Amino acid sequence: MVDENKFCFVICTNDEQQLQECIMYLSLLHVPEGYQTDLITIRDAPSMAAGYNEGMAATDAKYKVYLHQDAFIVDQFFLDKLLGVFREDERIGMVGVIGTEHLPEDGVMWHGKRCGNFYRLEEMLEMGLEGVELLSCGHREVEAVDGFLIATQYDIPWREDIFQGWDFYDVSQCMEFRRAGYRIIVPEQSENGVIHCCNPPSLQHYDEYREILLKEYPEISGSGT
Amino acid sequence: MRQRQQDQELSQLKEEINLRLAGSRDSSDIEELMLFLSESSLYQEMKRQDGQFSMLDSFLNIWLREKQRLPESAEDIFCQVSSLKDLAAKYRKILFCALRVENGVPQVYVDQALEWLENPGISGVAIGEIVVCETSKKEENLMHVAQGLKRRGQIPNAILLLQYANERYPGREKLLLEEADCWMQGRQWNRAYKLLTQIENPMAEIRDIMTRLQQVLENG
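Computed from a prediction, not measured in an experiment: that's the story for all the values here.

Undergrad: So what's going on with helix 1 (residues 2-23) of chain B? Residues and values would help.
TA: All names here are of chain B. For helix 1, with 22 residues, the first-to-last C-alpha span of 32 Å sits near the 32 Å given by 1.5 Å per residue. Within the sequence span of helix 1, burial applies to Gln 6, Asp 7, Leu 10, Leu 13, Lys 14, Ile 17 and Leu 21. Down the axis of helix 1, the smallest arc covering the buried residues is 130°, so these residues share one side. Of the residues in helix 1, the exposed ones pointing more than 90 degrees away from the buried face are Arg 4, Gln 8, Glu 15 and Leu 19. In this structure, the buried side of helix 1 is in contact with helix 2 (27-38), helix 3 (41-46), helix 4 (51-69) and helix 5 (84-102).

Written as structure tokens, this is what we have:
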């Protein structure tokens, strides 16, 4: 039985220091009246998709926020805003912080134009960063969002059968949601709400999973349309 | 194939760095590590892309600054760092403190993070470098952390941090006043006076303090 009034944060973790910092920020969030929150941490998951499936199965919360351990939600009213977006249209299945309206044919979100916000984006834009639009008003429908924060109001299994690592599980989940007919939204973020203290990722197996992605979802490269 | 080979080389390089960090005892070991890294094309290529390498690079810059600032016997940034994992944990102590300050979390959490900075080998220089590199409201955050250190009785480290800040942002009244206040707490009237003279068009209140300091100095 789904609890319509519950949010659950699902975090895969392998680093206690980062996890505790992430949880500290979660503890400061305002919880909308009548709602409760839950937290599920999956330690040393075999893959992100497997860990998220485990988390998904372990909670009855309607709203799930899949979060990297190094992503810190600093906007106190994040949950209120999230609820507002999901309530706007029941076809909205997924919300992210940064995304792309048109996923490039190679499946790499960062090769296309992105929108949303991230920590110090304004500063970087001033310094000449290109390819990212600061979304300070209005929501934007996108094809894919970055996996450091993915919020959902429906459950669709993560593809742990084919994504057994740490890459492209996010784009895959976006494709699954779109195949199921749901919309994916990046909401306005006039102020930066989430800090992603990301360590630059290991690119081991990156291409391997990119190829899997393109094979599984031919619509990305246009060959499936 | 090329990717796999590079991953393997990266792992080997990290193993080598870990060995060197585990065995480092004094400055000459860090100098040797720097030399080794300067000759590694892989390190040079990856130091902006790999998280552990970028933190190591930052530590090496901090270490060089510390050599100019800290007394020979002082614990430097590599104190109690025996691996890249230790290094990342130490880096994050400073980073997380800076982010807590920047994001205005409740004071109890700022205080908790300021306590992390009391660990061996976290100097005001290191704090300054990481605050400036990692946060947006740089000056404000430098000031806030320095005030926190001062409040916790960490005056020497607060001074180091403010010296860093005043070098980085010369002529800023608030930063100069804060450093002068630290020196006054240590009864270093001359140091305080010199700092106050750097303030352009000081307000009457500051001029008054300067006059009194001048009198103290003249009376020996």
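Still to come is the rest of the account.
Undergrad: Describe the interface of chain B and chain A, and please don't skip the residues or the numbers.
TA: Listed as interface residues are 27 residues of chain B and, on the opposing side, 19 residues of chain A. Note on chain B versus chain A: buried area summed over both sides is about 1,700 Å², and carbon and sulfur give 51% of it. Put simply, chain B and chain A have 3 salt bridges between them. Between chain B and chain A we count 9 residue pairs in polar contact (both at pLDDT 80 or more) in total.

Undergrad: Can you break down the packing of helix 9 (residues 155-168) of chain B against helix 10 (residues 173-185) of chain B residue by residue, with the values?
TA: When two helices pack together, their arrangement is given by the angle between the helix axes and by the axis-to-axis distance. Residues and elements named next belong to chain B. Running from amino to carboxyl end, helix 9 crosses helix 10 at an angle of 150°, the nearest separation of the two axes being 9 Å. In terms of orientation, helix 9 and helix 10 fall into the roughly antiparallel class. The interaxial crossing formed by helix 9 with helix 10 has left-handed handedness. The segment helix 9 lies against helix 10, with Ile 155, Ala 158, Ile 159, Leu 162, Gln 163, Ala 165 and Asn 166 engaging Leu 175, Leu 176, Glu 178, Glu 179, Cys 182, Trp 183 and Gln 185. Residues of the contact of helix 9 with helix 10, tallied by class, amount to 9 nonpolar, 3 polar and 2 charged.

Undergrad: Before we move on, can you summarise the nonpolar core with the specific residues and values?
TA: Formed by 144 residues in total, the largest nonpolar core has its most connected members in Leu 149 of chain A together with Leu 56 and Phe 78 of chain B. Setting aside its immediate chain neighbours within four residues, Phe 78 of chain B contacts Leu 21, Ile 30, Leu 56, Phe 59, Leu 60, Trp 63 and Leu 87 of chain B.

Cut-offs and rules
Numbering of residues begins from 1 in every chain and follows the order in which that chain's sequence is written. The lettering of chains begins at A and the numbering of ligands begins at 1, in the order of writing. Two thresholds apply to this predicted model, a pLDDT of at least 70 for residue-level local features and 80 or more for giving and counting side-chain atom pairs, whereas whole-chain, interface and lining totals are computed over all residues. The side-chain quantities take in all heavy atoms of the structure and omit both hydrogens and water. Under the DSSP-based scheme used, a helix requires at least four consecutive residues in state H or I and a strand at least two consecutive residues in state E, with every element numbered from the N terminus. A helix is expected to span 1.5 Å for every residue after the first. Each residue is placed in one exposure class: buried if its accessible area under a 1.4 Å probe, protein chains only, is under 20% of its type's maximum, exposed if it is over 50%, and partly exposed if it falls in between. Directions pointing from the helix axis toward each C-beta atom define the arc. A contact between two residues is defined here by any heavy atoms of the two lying within 4.5 Å. Once two parts are put together, the accessible area they lose, assessed with a 1.4 Å probe and summed over both, is termed the buried area. Criterion for a salt bridge: a side-chain nitrogen of Lys or Arg within 4 Å of a carboxyl oxygen of Asp or Glu. Two N or O atoms count as a polar contact when they lie within 3.5 Å, although within protein this holds only if one can serve as hydrogen donor and the other as acceptor, and sequence-adjacent residues are included solely when both atoms are side-chain atoms. Geometry is summarised by axes, namely lines fitted to C-alpha atoms with helices restricted to the contacting stretch, and by angles between N-to-C directions that run from 0 to 180 degrees. Convention used here: angles under 35 degrees read as roughly parallel, angles over 145 as roughly antiparallel, angles from 65 to 115 as roughly perpendicular, and any remaining angle as oblique. Left-handed describes a crossing whose near helix is turned anticlockwise from the far helix through less than a right angle; right-handed describes the clockwise counterpart. Any residue that is not Ala, Val, Leu, Ile, Met, Phe, Trp, Tyr, Cys, Pro, Asp, Glu, Lys or Arg is counted as polar, Gly included; the first ten are nonpolar and the last four charged. To define a nonpolar core, start from buried Ala, Val, Leu, Ile, Met, Phe, Trp, Tyr and Cys residues and group those joined through side-chain atoms within 4.5 Å.

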